[in-house]
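What the coordinates show
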Amino acid sequence: MSIAVLGAGSWGTALAILLARNKISTVLWARDPVQAAAMNTARCNLRYLPDQEFPPNMHVTADLHEALNSSRDWLLAVPSHSARSMLQDIAQHADDNTRLAWASKGLEQGTGKLLHQLTTEELGGAIKPAVISGPTFATEVAAGLPTAVTVASHDSAVASHFAGCLHNTTMRAYTSDDVVGVELGGAIKNVLAIAAGIADGLSLGANTRAALITRGLAEMMRLGVALGGRQETFMGLAGLGDLVLTCTDDKSRNRRFGMALGRGEAQQQAHDSIRQVVEGVQTAAEIWALANTHNIDMPITEQVWRVLYKGQPVQLAVQALLAREQKQETL
């Protein structure tokens, strides 16, 4: 077996290490030739995962043609904002034998489209992609700590194939056919993690964090079901599981970004301190636009959007949430 992993950030590298440890010949594609050469020499990703040595059956290249030609199984782990351009780059290499999986979490900037929709538009309907999501920090996956993910596809054989590639004694991979639900869960949780981070940056306490997670889950379900996802998906790994992880642990970039805002840092300063893409910033705009289009009540998402795009002080965002009228608890 062989697989090409496209994207050599922390998540792409961790997945490549996992797959190679599963005795799958793995080629990891990095956009930067200097980075690729450095990783091959050091046999690790010095920037993101310096403590995890590459297995001998894992190779890094900056040659996209080499990576794509190494296997008919491709796993994309690039940021969502570059998803369409990546698909356009690989389109001429795809055919009916290609199996494609996404490990990215987000929506297309400006359109709010899900990544499986972009795949159909750029590669055609013959390709039935799978999406991989769940409560997964790259450092823990690369370290071989126990983890569980969901692999969703409209083609059960494709979902089962990629789940089988990932599954081992420390990684449990479940399958699903709810592509929309799994994709939306992975995207919306980043916005809610910013909200939880802001609350903790303001030292509002554990009660507040728990309330934000719970009511944030309700927002996720409302929008997700309206867009075609299933409610039970949002109670699973790709919904509640990932939401709890990113809202409560400081390995979460979105949570750390929110905490910096809560402490009074400017957005650019907060972003620069993370030194990686904070997906929830872009996603907040797309999710809020979808909520308006479908007339879905998402007050937490709205306040995150107002902080990020309207310059609303974080204290006023909290006050706006607390000042909402008393109501019955419902989804």
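Relevant structure appears above.
Now for a description of the structure that goes with this document. (Residues numbered from 1 in each chain as written. Predicted model: local features only at pLDDT ≥ 70, side-chain atom pairs only at ≥ 80, totals over all residues. Heavy atoms only, no water.)

1. Re the packing of helix α8 (residues 179-201) against helix α15 (residues 299-309)
Packed helices, taken two at a time, are described by the angle between their axes plus the distance between the axes. For the pair α8 and α15, interaxial distance at closest approach is 9 Å and the crossing angle is 75°. Overall, the two elements α8 and α15 adopt an arrangement that is roughly perpendicular. Two secondary-structure elements touch here, α8 through Val191, Leu192, Ile194, Ala195 and Ile198 and α15 through Ile300, Thr301, Val304, Val307 and Leu308. Here the contact of α8 with α15 is built from residues that sort into nine nonpolar, one polar and no charged. (Axes fitted to C-alpha atoms, helices over the stretch in contact; angles between N-to-C directions. Helix = DSSP H or I, 4+ residues; strand = E, 2+ residues; numbered from the N terminus. Parallel < 35°, antiparallel > 145°, perpendicular 65-115°, else oblique. Contact = heavy atoms within 4.5 Å. Nonpolar A, V, L, I, M, F, W, Y, C, P; charged D, E, K, R; others polar.)

2. A look at the nonpolar core
Formed by 44 residues in total, the largest nonpolar core has its most connected members in Phe257, Leu261, Ile287 and Leu308. When residues of this core are traced back to their parent elements, those giving at least two are α8, α9 (206-226), α11 (237-248), α12 (253-262), α13 (267-274), α14 (279-293), α15 and α16 (314-322). Here the element with the most residues in this core is α8; it accounts for 12 residues. Aside from chain neighbours lying at most four places away, what touches Ile287 is Leu107, Ile188, Val191, Leu223, Met298 and Thr301. (Core = buried A, V, L, I, M, F, W, Y, C linked by side-chain atoms within 4.5 Å. Buried < 20%, exposed > 50% of the residue type's maximum accessible area, 1.4 Å probe, protein only.)

3. Quick look at the side chain of Asp178
Within the secondary structure, Asp178 sits in the loop between β8 (171-176) and α8. Summary of buried charges: Asp178 has no salt-bridge partner, and the nearest side chain of opposite charge, Arg230, is 4.5 Å away. Beyond its immediate sequence surroundings of up to four residues, Asp178 is in contact with Ala152, Gly228, Gly229, Arg230 and Thr233. (Lys, Arg positive; Asp, Glu negative; His and termini not counted. Salt bridge = Lys/Arg side-chain N within 4 Å of Asp/Glu carboxyl O.)

4. A short note on the pairing of β8
In terms of strand pairing, strand β7 (residues 147-153) meets β8 through six bridges, oriented parallel. The partner of Ala152 across the bridge, within β8, is Ser176. For the segment spanning β7, helix α7 (residues 156-166) and β8, crossover handedness is right-handed. (Pairing = 2+ DSSP bridges. Right-handed = clockwise from strand over helix to strand, strands pointing away.)

5. Section: empty space enclosed by the protein
Overall, the coordinates contain two cavities of 30 Å³ or more when judged by the stated rule. The volume enclosed by the largest cavity comes to roughly 60 Å³. Along its surface, the largest cavity is lined by Ser104, Lys105, Gly106, Leu115, Val131, Ile132, Ser133, Val182, Glu183, Gly186 and Ala187. Sorting elements by how many residues they give to the lining of the largest cavity places α8 first, with four residues. Here the lining of the largest cavity is built from residues that sort into five nonpolar, four polar and two charged. Taken as a whole, the second largest cavity holds about 30 Å³ of empty space. Contributing to the lining of the second largest cavity are Leu18, Val141, Gly144, Leu145, Thr147, Thr170 and Met171. Grouping the amino acids of the lining of the second largest cavity by side-chain chemistry returns four nonpolar, three polar and no charged. (1 Å grid on protein atoms, 1.4 Å probe; cavity = no way out; pocket = protein on both sides within 12 Å on 5 of 7 lines; lining within 4 Å. Points joined across faces, edges and corners; volume = space filled by probe spheres on them.)

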